[in-house]
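The primary structure of each chain is shown beneath.
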Amino acid sequence: MHIPDGYLSPATCAVMYAAAAPFWYRASRRVRETLSHRAVPLLALVSAFSFVIMMFNVPLPGGTTGHAVGGAIAAIVLGPWGATIAISIALAIQALFFGDGGILAFGANAFNMAIVMPLVAWYTYRAIASRSPLASRRRVLAGAVAGWLSLNVAALCAAVEFGLQPYLFHTADGTPLYQPYTLEVAIPAMMIPHLLAAGMVEGVITALLVTYLQRANQPILALAEPTAGVTGWRLWPLWVGLAALVILTPLGLLASGTAWGEWGADELQGLLGFVPQGLEGLSGLWPAPLPDYAVPGLGVVPGYLVSAAIGIGLAAAVLLVIGRLLARPGAGARPQV
Amino acid sequence: MTMLRRGDFLAGSLAAVGQALEGTLFAEEIGCRPGLLQGLDPRVKIGTFLLLLIAVNLSRSLAVLAALYLLTLLLAWSSRVPLGFFVRRVWIFIPLFTGLIALPAILNIFTPGQPVLVLWSNPLIAVTAQGLRTAAFLLLRVGTSVSFAVLLILTTPWNALLEALGALGVPEAFLLTLAMSYRYIYLLLHTASDMFLSRRSRLVGRLDAAEGRRWLAAAMGALLDRSFQLSNEVYLAMLSQGFRGRPRLMEGFRTRGRDWLWGGVSLFVALGAIYLGS
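What counts and how
- Residues numbered from 1 in each chain as written.
- Chains lettered and ligands numbered in written order.
- Predicted model: local features only at pLDDT ≥ 70, side-chain atom pairs only at ≥ 80, totals over all residues.
- Helix = DSSP H or I, 4+ residues; strand = E, 2+ residues; numbered from the N terminus.
- Rg over C-alpha atoms; globule rule 2.2 N^0.38 Å.
- Buried ≥ 20, exposed ≤ 12 C-beta atoms within 10 Å, placed from the backbone.
- Contact = placed C-beta atoms within 7 Å.
- Expected span 1.5 Å × (residues − 1).
- Bend = angle between axes of the 7 residues up to and from the residue.
- Nonpolar A, V, L, I, M, F, W, Y, C, P; charged D, E, K, R; others polar.
- Core = buried A, V, L, I, M, F, W, Y, C linked by C-beta atoms within 7 Å.
- Axes fitted to C-alpha atoms, helices over the stretch in contact; angles between N-to-C directions.
- Parallel < 35°, antiparallel > 145°, perpendicular 65-115°, else oblique.
- Left-handed = near helix turned anticlockwise from the far one by under 90°.
- Pairing = 2+ DSSP bridges.

A. Local environment of the overall build of chain B. Counting its regular elements, chain B contains ten helices and three strands. Moving toward the C terminus, one meets the helices and strands of chain B in the order β-α-α-α-α-α-β-β-α-α-α-α-α. Taking 2.2 N^0.38 as the reference for a compact globule, 278 residues should give roughly 19 Å; the C-alpha atoms of chain B span a radius of gyration of 24 Å, well beyond that estimate. If you line up chain B on its principal axes, its C-alpha atoms span 65 × 60 × 30 Å. By residue count, 39% of the 278 residues in chain B fall in the buried class. Long-range pairs, those at least 24 residues apart, make up 76% of the contacts in chain B with a sequence separation of at least 6.

B. Representation of the overall build of chain A in the model. Counting its regular elements, chain A contains twelve helices and two strands. Listing each helix as α and each strand as β along chain A from the N terminus yields α-α-β-β-α-α-α-α-α-α-α-α-α-α. Counting across all 337 residues of chain A, residues that qualify as buried make up 44%. If you take every contact in chain A between residues at least 6 apart in sequence, the share linking residues at least 24 apart comes to 70%.

C. Expanded view of helix α3 (residues 71–97) of chain A. All names here are of chain A. Along its 27 residues, α3 runs just 20 Å from first to last C-alpha, ending more than 12% under the 39 Å computed at 1.5 Å per residue. The axis of α3 is deflected most strongly, by about 125 degrees, at glycine 79, and proline proline 80 appears within four residues downstream. With 26 of 27 residues buried, α3 is to be regarded as a mostly interior element. Taken from the residues just after α3, glycine 99 is the one with a positive phi, measuring 65 degrees.

D. Main features of the interface of chain B and chain A. Each side of the interface is counted separately: chain B has 69 residues, and chain A has 61 residues. Where the side of chain B that touches chain A is concerned, the elements lending two or more residues are β1 (2–3), α1 (9–31), α2 (42–58), α5 (96–105), α6 (129–155), α7 (158–167), α8 (172–201) and α9 (209–240) of chain B. With 19 residues, the single largest contributor to the side of chain B that touches chain A is α9 of chain B. Looking at the side of chain B that touches chain A residue by residue, the class counts come to 45 nonpolar, 17 polar and seven charged.

E. How the structure looks around the nonpolar core. In this structure, Leu43, Val52, Ile76, Ala86, Ile93, Met117 and Leu209 of chain A are the most contacted members of the largest nonpolar core, which totals 164 residues. Broken down by element, the residue count for this core peaks at 20 residues, all from α3 of chain A.

F. Up close: the packing of α3 of chain A against helix α5 (residues 137–163) of chain A. Residue and element names in this part refer to chain A. Look at α3 against α5: their axes get within 8 Å of each other, and the N-to-C directions meet at 130 degrees. Accordingly, the angle class assigned to the pair α3 and α5 is oblique. α5 is crossed by α3, and the crossing has right-handed handedness. Of the residues in α5, those touching α3 at Gly71, Ala72 and Ile76 are Gly143, Ala146, Gly147 and Ser150. Class assignment of the residues belonging to the contact of α3 with α5 gives a composition of three nonpolar, four polar and no charged.

G. Highlighting the environment of glycine 147 of chain A. Residues and elements named next belong to chain A. Counting through the fold element by element, glycine 147 comes out in helix α5. Along the chain, glycine 147 and threonine 206 lie 59 residues apart, while their C-alpha atoms are 5.8 Å from each other. Each residue touching glycine 147, except ones within four places of it in the same chain, is listed here: Ala72, Ala121, Glu202, Gly203, Ile205, Thr206 and Ala207.

H. Here's a closer look at the pairing of strand β3 (residues 125–128) of chain B. Residue and element names in this part refer to chain B. Judged from the four bridges that link them, strand β2 (residues 115–120) and β3 form a sheet pairing that is antiparallel. Pairing of proline 115 across the sheet is with threonine 128, part of β3. The hairpin formed by β2 and β3 contains four residues between the paired strands.

I. Region of interest: helix α4 (residues 106–129) of chain A. Residue and element names in this part refer to chain A. If you check α4, its first and last C-alpha atoms are 32 Å apart, about what 24 residues at 1.5 Å a residue would give, namely 34 Å. At valine 116, α4 shows its maximal bend, which comes to roughly 30 degrees, and the proline proline 118 appears one to four places after that position. The buried count for α4 comes to 22 of 24 residues, which makes it a mostly enclosed element. Backbone geometry just downstream of α4 places serine 130 in the positive-phi region, at approximately 50 degrees.

J. Quick look at the environment of alanine 48 of chain A. Residue position: alanine 48 of chain A is located in helix α2 (residues 39–53). Along the backbone, alanine 48 of chain A and arginine 26 of chain A are 22 residues apart, and their C-alpha atoms lie at a distance of 22 Å. Setting aside anything within four residues of it in sequence, one finds alanine 48 of chain A in contact with Ser181, Tyr184, Ile185, Leu188 and Ser227 of chain B.

K. Layout of the environment of glycine 143 of chain A. All names here are of chain A. Checked against the element boundaries, glycine 143 lands in helix α5. A residue is classified by how many C-beta atoms lie within 10 Å of it, and glycine 143, with 31 of them, is buried. Along the backbone, glycine 143 and alanine 189 are 46 residues apart, and their C-alpha atoms lie at a distance of 26 Å. Once residues within four sequence positions are removed from consideration, glycine 143 is found in contact with Ile76, Tyr125, Thr206, Ala207 and Val210.

Scope: geometric values only; no functional claims are made or implied.
Structure follows, in structure tokens:
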């Protein structure tokens, strides 16, 4: 999954550095708050550990071998922010000293493997493990799912990043300048082996490591546990995720045609040769304020972004109002979980 | 992912670990040889290589990409990097994966265009001119980018690289962690290598995959355990040596005439490549 230089355009590389920067900033702040000076050797050693285990060949059924990234186990023992720094450093060493993974593409690689992967692994692990005892089997399952899912989400991010290249960067005659496969080829080509093999390796190794730590060294497993009274669930990752989705909305422009079943009257005319009478009567009932997600006076892409932001803002406002109406007096006295 | 004989994951892991150790030792040795790139101020070298790398990745012309690749060979030769080793390191190990990716792109299935070689007539499967150009772009761009990165790595000792990154504004805390991590990678690689060797020397017959995975997880767990212990020891050692939370890196670089000359030449080459390749 280490993207080498030459697969992504410099523009995409710059965008990925910019996307990773706020997470690096946040991670360094969080690590300084929680671990202080002790952080330096701890993060250095965990990043060295993650570097070393990437070299281990893990035997798979059928005689093949694969290797783990270690992003999930790093998130489980250090928390997502510590893991972000540790894995970023391991990736920087690979790119700078071993030529594995590009230097311009470092931002993209770090975004996929050092930011998305630990965050997905951490929230999956916390959601499944919840408050179960450290030695419970539920945590082994949580580790397995966290490893499998986080690697696959990271692989999907990589596939989208390089699958976008042929749409955005090509010569006048259409020859792609960077990675040549479009999203409909890049995503299955990347996801099938990750869903079936590489993700399995990450899941199995994470689960086995959790089992090992349960038996041999529970304090390490307890290191990143949310302390009593402090909620492990903050809403901000949700907002970051929503922001990422808003930024990705112009992807919709790349799809040709209309989503199945969402045809307008004029499209139905083309498809069926006629417009059902009932529909014809209803179609003028509600004139959309932003038809086809276009904002008057703005270009197509900014229009999409603004439409997405307005849509999410409206949905959030409606949910907030419903939540307020449904909240019974006294409900606030319940302890926060 | 590599195909190995069942039970040979121990040998595979040992080989990977050994290769990493050996590769960096060789790089350190080349980095200390007298040569063109070794004699440059590392700050200037990093800055100019970044510029050249951007030029490689911005170019829209195959001829310009080929010229930049030839430049890496010339630089390797004038920096006493063995050419055979340099070309092998770039073209055999690293873009093996890229070659596999580039290959299907030459066919009309993925890149429609002017057929130049018909492989199958009904349905038409042919190599297209556009497909060949697409594959050539990817291979040449990746190969040249990797060549520049490998040249930088081979001709710059790691401590000089770190100090230069510090001088160029990368946060010191990040570099201190990176330096420490790099140093302990060797210790952990040695520990891992010893574990694989001792397990392998006690192996009679074959190890089945499930047993192998369990052993591997225990080895990784032990390594993680060791990493945590070491981090505590290192922290205490840092405190006892007077660490007060502000890392300091040594820095003794001097920019000389040849650095300015090199900087000027590479700026000219990079801008020329961007202009000619646009």
